[in-house]
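Analysis of the macromolecular model
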Amino acid sequence: MAKRKKPKYKIGDTVVITIYGTVGRVTDVKWLDGKYVYEVNKSDGLFIEEALQLLSEYDGTIMEQEQIDIEYKFFIGDLVQVAGYGADLFKVVGFRTEIWRYKDDAWEDVIYELSRVSDGEWLEAGEEELTLVADAESADTFIQKLGLLYLVNKQEKPTKNPNLQNMVRKSEFEEIERKKEKKELIDNLLDIFNDYRILYELFHDQEYYQVMRVILRKLESLVSNDGKSHV
């Protein structure tokens with residue numbers, strides 16, 4: 001039986017993958033179908049000896065591999081507001097990085113995929129358009145505390161009272177109900193605002209401040225637009 005020859009490269013050798021011109025380190029050596037194959041940088045692919053060359057012996061052009069470090073400001077589950085969408089609240093459901101490279105310029109864009117809390121409408125926005133309202137851990141608690149039933153901009157139909165409608169025309173009855181609901185909504189928002197104002201004055205936590213901002217924008221919308229949401 002012929003003695004198996006030794007592998008040309010060993011684990012730890014710095015080699016060039018000649019077909020790509022990229023540099024890596026041998027992380028495993030395997031015997032496959034009568035020849036040695038090499039794992040480089042723990043990648044899934046395996047390379048035959050002819051595809052590799054020791055860096056110290058390589059005289060071709062080395063392709064530099066760029067390492068990009070992206071710092072994300074928002075994460076999946078975070079509750080945010082979007083510039084141009086007033087007091088509407090959105091949840092981050094995904095994000096991606098778009099890498100742009102040109103001869104004389106280079107940049108990276110982080111795009112966030114959002115879902116509006118009130119109706120699930122999908123939206124994409126850049127990092128600079130977003131303001132954090134609550135992180136993923138506290139988002140659901142934040143929504144509940146804020147009384148989202150009042151903030152989703154769903155207009156509930158007034159309960160019909162046959163006896164009352166016999167006395168008042170339908171349109172007048174609906175106007176009375178609308179004003180009543182609006183007053184209740186404003187009162188609830190003011191109660192929540194005062195609670196958070198006290199918390200903010202005590203602890204100076206930015207999360208409390210964000211709640212106050214959301215409530216003030218909603219109150220402004222109610223006063224100026226009769227409770228109708230305009231984007």
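The structure this text deals with has already been given above.
For the structure given in this document, a descriptive report is provided here. (Residues numbered from 1 in each chain as written. Predicted model: local features only at pLDDT ≥ 70, side-chain atom pairs only at ≥ 80, totals over all residues. Heavy atoms only, no water.)

Focus: the overall build of the chain
Counting secondary structure elements, the chain contains 5 helices and 10 strands. Residues counted as buried form 31% of the 231 residues belonging to the chain. Of the contacts made within the chain by residues no fewer than 6 positions apart, 51% connect residues no fewer than 24 positions apart. When the accessible surface of the chain is summed, it comes to about 15,900 Å², and 51% of that surface belongs to carbon and sulfur atoms. (Helix = DSSP H or I, 4+ residues; strand = E, 2+ residues; numbered from the N terminus. Buried < 20%, exposed > 50% of the residue type's maximum accessible area, 1.4 Å probe, protein only. Contact = heavy atoms within 4.5 Å. Areas by Shrake-Rupley, 256 points an atom, 1.4 Å probe, with all protein chains shown as cover.)

Some thoughts on the pairing of strand S3 (residues 35-40)
In terms of burial, S3 is a largely internal element, 5 of the 6 residues being buried. Here 6 bridges tie strand S2 (residues 22-32) to S3, and the two strands are oriented antiparallel to one another. Paired with Leu32 across the two strands is Lys35, which belongs to S3. Linking two consecutive strands that pair antiparallel, namely S2 and S3, is a turn of 2 residues; a positive phi of about 50° is found at Asp33 within it. Pairing geometry for S3 and strand S4 (residues 46-48), over 3 bridges, is antiparallel. Bridge pairing in S4 links Tyr38 to Phe47. Between S3 and S4, which pair antiparallel one after the other, the connecting turn spans 5 residues, and Asn41 there sits at a positive phi close to 55°. (Pairing = 2+ DSSP bridges.)

Observations regarding the environment of Glu137
Topologically, Glu137 is positioned in helix H1 (residues 136-145). The exposed category is assigned to Glu137, whose relative accessible area is 79%. Along the backbone, Glu137 and Leu79 are 58 residues apart, and their C-alpha atoms lie at a distance of 9.7 Å.

What to know about the nonpolar core
Judged by nonpolar contacts, the single largest core of 19 residues is most densely connected at Leu79, Leu89, Val133, Phe142, Leu189, Tyr196 and Ile215. Elements with a contribution of two residues or more to this core: strand S10 (130-134), H1, helix H4 (170-203) and helix H5 (206-225). For this core, the element with the most residues is H5, which contributes 7 residues. Val82, Phe90, Tyr112 and Leu130 belong to the second-largest nonpolar core, a separate cluster that totals 11 residues. (Core = buried A, V, L, I, M, F, W, Y, C linked by side-chain atoms within 4.5 Å.)

It is worth stressing that arrangement in space is one thing and function is another; only the former is reported here.
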